[in-house]
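In case you want the letters, here they are:
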Amino acid sequence: TLKRRASPTFEDRNVDTRKRLKEDIPMEDIEENPMAPALISGQELADDLEEELLCGCCSGLLYRPVIVYPCQHYFCGRQVQSLIYNGGSNCPACRSISTSVSPSRVLQVMLDVLLRADPSRGRTEREKQQADDVYRPGQLFRIPTPREPSPEPAIAQPTEYARPCPHCPPVNRYGWNCPQPVPDPAADPDHAWLVDDGSPPGHAYCGNCENLMALQAPSTTKCDMCQVSFCGIGVQGRCIAASIALAHPHGMSDVGDLIQSSEVYECFDGNTVEVEIMLDYLTAQRISPKHIYRDIVEHVQNQPRRFAPLIELDLFSDAHGVVAGPNPPIDSPRHRICRLCATEVLLYGLKEWWIRERQKGFLEASVTDRPDCPDGSGCHRQKEHGKTVALNHIVTPNDPEPTDPSVPDPEANVEAEERTPTPPPQLEDDT
């Protein structure tokens, strides 16, 4: 008794209300009712659906679709991956700043329905293989946030005469007077110092802002790697050589900077798969480039020669556009470092740091269980995606170097000769 009767509108209704395609409805019924909604065929529906599922970059049917947030435009996964590799951080369609990219299940389902109805609309196998070499299905993207431009240093305009440094005036706000003040060319042109004669006595040019500074000023620091001095005044946090353990590598604030740095891929001999594994690990463990730098510095300082091997490689020569000071003996103590030299230290030890980090056992079994390539890091095929996915090209520094079986080993020959008994000498027959 609690149930209500159906509306009289639906009583005695024998009309089939199921949806019917255009082919199932007689043409005369359509012609007699011009006010009826237009119906489209399955072919037209597939054409309209394909047009809506075109990639905004390559203008082809989507393959491994991903959505860019917050604008929600969608593209092929390969196209967005290539865009990020090239340093892009904006949506290719609307050019707005993007924060993240994720694969789209809804678009993939629509693509599957369309391709089941008409497989000829899909990509060729060659195109699919090329796309899979760039983008792994289901992969989440890290889009580096645009960096705020660094403050422009107050670079002195090139003139014929050197201008006084901030400590040269008798009255200055820094509380220290230069013992060898540079004459002001505007007030004393007869004693002005020519720029072509180099730096005035007791002065040098800052490695960051390139302004003249007093070498004995309390704010002046010198990098023990490149031997360039810094004023500590021009740009705060930049015009300084900090303690080696507390320095910050230039241009390496977070993982996004590592993604955009082509030098990181050069450290791994172009092995993009290993770099991506490392970047995923750094993101999951929340490890910053500064943390990696400190681990590398600690490891280098525990070595017998400390920073001497890096000095021998000339990693820090010509790092700045100013004249550096004289080089001390190669085994001299090193206490301070500039931001650019700190970046060189980071890139120098990044690969060996990753080798040591892999040994901690935090990586997935799918990564660590890969067999080692016989050629290790010297394999010329590690730039090929299929080769690097199947084999591990990272070898520890203590592993023996791979040998070429076609080249004879001289030590092996010596051992073989030692094991072969020497035949006794034959006596001459007197007869």
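### Things to note about the overall build of the protein chain
Link 1 in the chain: When you go through the protein chain residue by residue, the secondary structure sums to 14 helices and 10 strands.
Link 2 in the chain: Across the 431 residues that make up the protein chain, the buried fraction comes to 33%.
Link 3 in the chain: Within the protein chain, residue pairs in contact and separated by at least 24 positions form 60% of the contacts whose partners lie at least 6 positions apart.
Link 4 in the chain: When the accessible surface of the protein chain is totalled, it reaches about 27800 Å², and 52% of it is carbon and sulfur.

### As for the packing of aromatic side chains
Link 1 in the chain: Going through the model one piece at a time under the given rule, you end up with 2 aromatic pairs.
Link 2 in the chain: The rings of Tyr281, Trp353 and Trp354 are connected pair by pair, giving a single aromatic cluster.

### Looking at the packing of helix H3 (residues 77-85) against helix H5 (residues 125-134)
Link 1 in the chain: Relative to each other, H3 and H5 sit at 40 degrees, their axes nearing to 9 Å. As judged from the angle between their axes, H3 and H5 are oblique. The crossing of H3 and H5 is left-handed. Across the interface between the two elements, Arg78, Gln81 and Ser82 from H3 touch Gln130, Ala131 and Val134 from H5.
Link 2 in the chain: For the contact of H3 with H5, the per-class residue count stands at 2 nonpolar, 3 polar and 1 charged.

### Some thoughts on the nonpolar core
Link 1 in the chain: Ranked by size, the top nonpolar core spans 74 residues in total, and within it Cys223, Met225, Leu279, Leu282, Tyr293 and Ile337 carry the most contacts.
Link 2 in the chain: Counting residues per element, this core draws most heavily on helix H11 (residues 339-358), which supplies 9 residues.
Link 3 in the chain: Excluding residues that lie within four positions of it along the chain, Tyr293 makes contacts with Ile244, Ala247, Pro249, Ile337, Ala342, Val345 and Leu346.
Link 4 in the chain: Cys165, Cys168, Cys178 and Ala217 belong to the second largest nonpolar core, which has 8 residues in total.

### Topic: the environment of Gln81
Link 1 in the chain: One can find Gln81 in helix H3.
Link 2 in the chain: Once the C-alpha coordinates of Gln81 and Arg136 are considered, the two residues, 55 residues apart in sequence, prove to be 9.6 Å apart.

### Focus on the packing of helix H9 (residues 289-301) against H11
Link 1 in the chain: Packing of H9 against H11 brings their axes to within 8 Å, and their N-to-C directions diverge by 85 degrees. The orientation of H9 relative to H11 falls into the category roughly perpendicular. The residues of H11 that touch H9, namely those facing Pro289, Ile292, Tyr293, Asp295, Ile296, Val297 and His299, are Ala342, Val345, Leu346, Gly349, Leu350, Trp353 and Arg356.
Link 2 in the chain: Considered class by class, the residues forming the contact of H9 with H11 number 10 nonpolar, 2 polar and 2 charged.

### With respect to the pairing of strand S1 (residues 65-69)
Link 1 in the chain: Summarising burial for S1: 4 of the 5 residues are buried, a large majority.
Link 2 in the chain: Relative to strand S2 (residues 73-76), S1 is paired through 4 bridges, and the arrangement is antiparallel. Note on S2: the bridge partner recorded for Ile67 is Tyr74.
Link 3 in the chain: Counting the residues in the hairpin turn of S1 and S2 gives 3 residues, including Gln72, whose phi is positive at 65 degrees.

### Comments concerning unusual backbone geometry
Link 1 in the chain: With omega at 10 degrees, the peptide bond leading from Tyr69 into Pro70 counts as cis.
Link 2 in the chain: Tracing the chain through its elements places Pro70 in the loop between S1 and S2.
Link 3 in the chain: Even without glycine at this site, Arg64 takes up a positive phi of about 55 degrees.
Link 4 in the chain: Along the chain, the position of Arg64 falls in the loop between helix H2 (42-52) and S1.

### Structural notes on H9
Every α-helix carries 3.6 residues per turn, so stepping three or four residues along brings you back to the same face.
Link 1 in the chain: For H9, with 13 residues, the first-to-last C-alpha span of 18 Å sits near the 18 Å given by 1.5 Å per residue.
Link 2 in the chain: Within H9, the full set of buried residues consists of Pro289, Ile292, Tyr293, Ile296, Val297 and Val300. Angularly, the buried residues of H9 cover 135 degrees about the axis, an arc narrow enough to put them on a single face.
Link 3 in the chain: Buried residues belonging to H9 abut helix H6 (255-260), helix H8 (272-285), strand S10 (336-337) and H11.

### Section: the pattern of salt bridges
Link 1 in the chain: Throughout the structure, instances matching the rule amount to 13 salt bridges.
Link 2 in the chain: Its salt-bridge partner being Lys351, residue Asp269 comes within 3.2 Å of it at the nearest N-O pair. On the criterion of sequence distance, the pair formed by Asp269 in the loop between helix H7 (262-267) and H8 and Lys351 in helix H11 is long-range, its members being 82 residues apart.
Link 3 in the chain: Sharing partners across several salt bridges, the network here consists of Asp47, Glu50, Asp118 and Arg121.

### Focus on a negative patch on the surface
Link 1 in the chain: Side chains of Glu44, Asp48, Glu51 and Glu52 sit close together on the surface and give a patch of like negative charge.
Link 2 in the chain: Residue placement: Glu52 occurs in helix H2.

### A look at the environment of Asn208
Link 1 in the chain: Its place among the elements puts Asn208 in the loop between strand S5 (203-205) and strand S6 (212-214).
Link 2 in the chain: Judged by its relative accessible area of 29%, Asn208 falls in the partly exposed class.
Link 3 in the chain: Distance in space between the C-alpha atoms of Asn208 and Cys239 is 5.4 Å, their sequence separation being 31 residues.
Link 4 in the chain: Once you skip the residues sitting within four places of it in the chain, Asn208 turns out to touch Phe230, Val235, Arg238 and Cys239.

### Concerning the side chain of Arg334
Link 1 in the chain: On the secondary structure map, Arg334 appears in the loop between helix H10 (308-312) and S10.
Link 2 in the chain: Here Arg334 sits buried without a salt bridge, and the closest side chain of opposite charge, Asp224, lies 6.3 Å off (N-O distance).
Link 3 in the chain: At 2.5 Å, the side chain of Arg334 forms a polar contact with the backbone oxygen of Asp224.
Link 4 in the chain: Among the polar contacts made by the side chain of Arg334, one reaches the main-chain carbonyl oxygen of Ile330 at a distance of 3.2 Å.

So, how was this worked out
- Residues numbered from 1 in each chain as written.
- Predicted model: local features only at pLDDT ≥ 70, side-chain atom pairs only at ≥ 80, totals over all residues.
- Heavy atoms only, no water.
- Helix = DSSP H or I, 4+ residues; strand = E, 2+ residues; numbered from the N terminus.
- Buried < 20%, exposed > 50% of the residue type's maximum accessible area, 1.4 Å probe, protein only.
- Contact = heavy atoms within 4.5 Å.
- Areas by Shrake-Rupley, 256 points an atom, 1.4 Å probe, with all protein chains shown as cover.
- Phe/Tyr/Trp six-rings, centres within 6.5 Å; stacked < 30°, edge-to-face > 60°.
- Axes fitted to C-alpha atoms, helices over the stretch in contact; angles between N-to-C directions.
- Parallel < 35°, antiparallel > 145°, perpendicular 65-115°, else oblique.
- Left-handed = near helix turned anticlockwise from the far one by under 90°.
- Nonpolar A, V, L, I, M, F, W, Y, C, P; charged D, E, K, R; others polar.
- Core = buried A, V, L, I, M, F, W, Y, C linked by side-chain atoms within 4.5 Å.
- Pairing = 2+ DSSP bridges.
- Expected span 1.5 Å × (residues − 1).
- Arc of directions from axis to C-beta.
- Salt bridge = Lys/Arg side-chain N within 4 Å of Asp/Glu carboxyl O.
- Patch = residues over 30% accessible without salt bridge, like charges linked within 9 Å, V, L, I, M, F, W, Y side chains within 5 Å.
- Lys, Arg positive; Asp, Glu negative; His and termini not counted.
- Charge placed at Lys NZ, Arg CZ, Asp CG, Glu CD.
- Polar contact = N/O pair within 3.5 Å; in protein donor to acceptor, adjacent residues only side chain to side chain.

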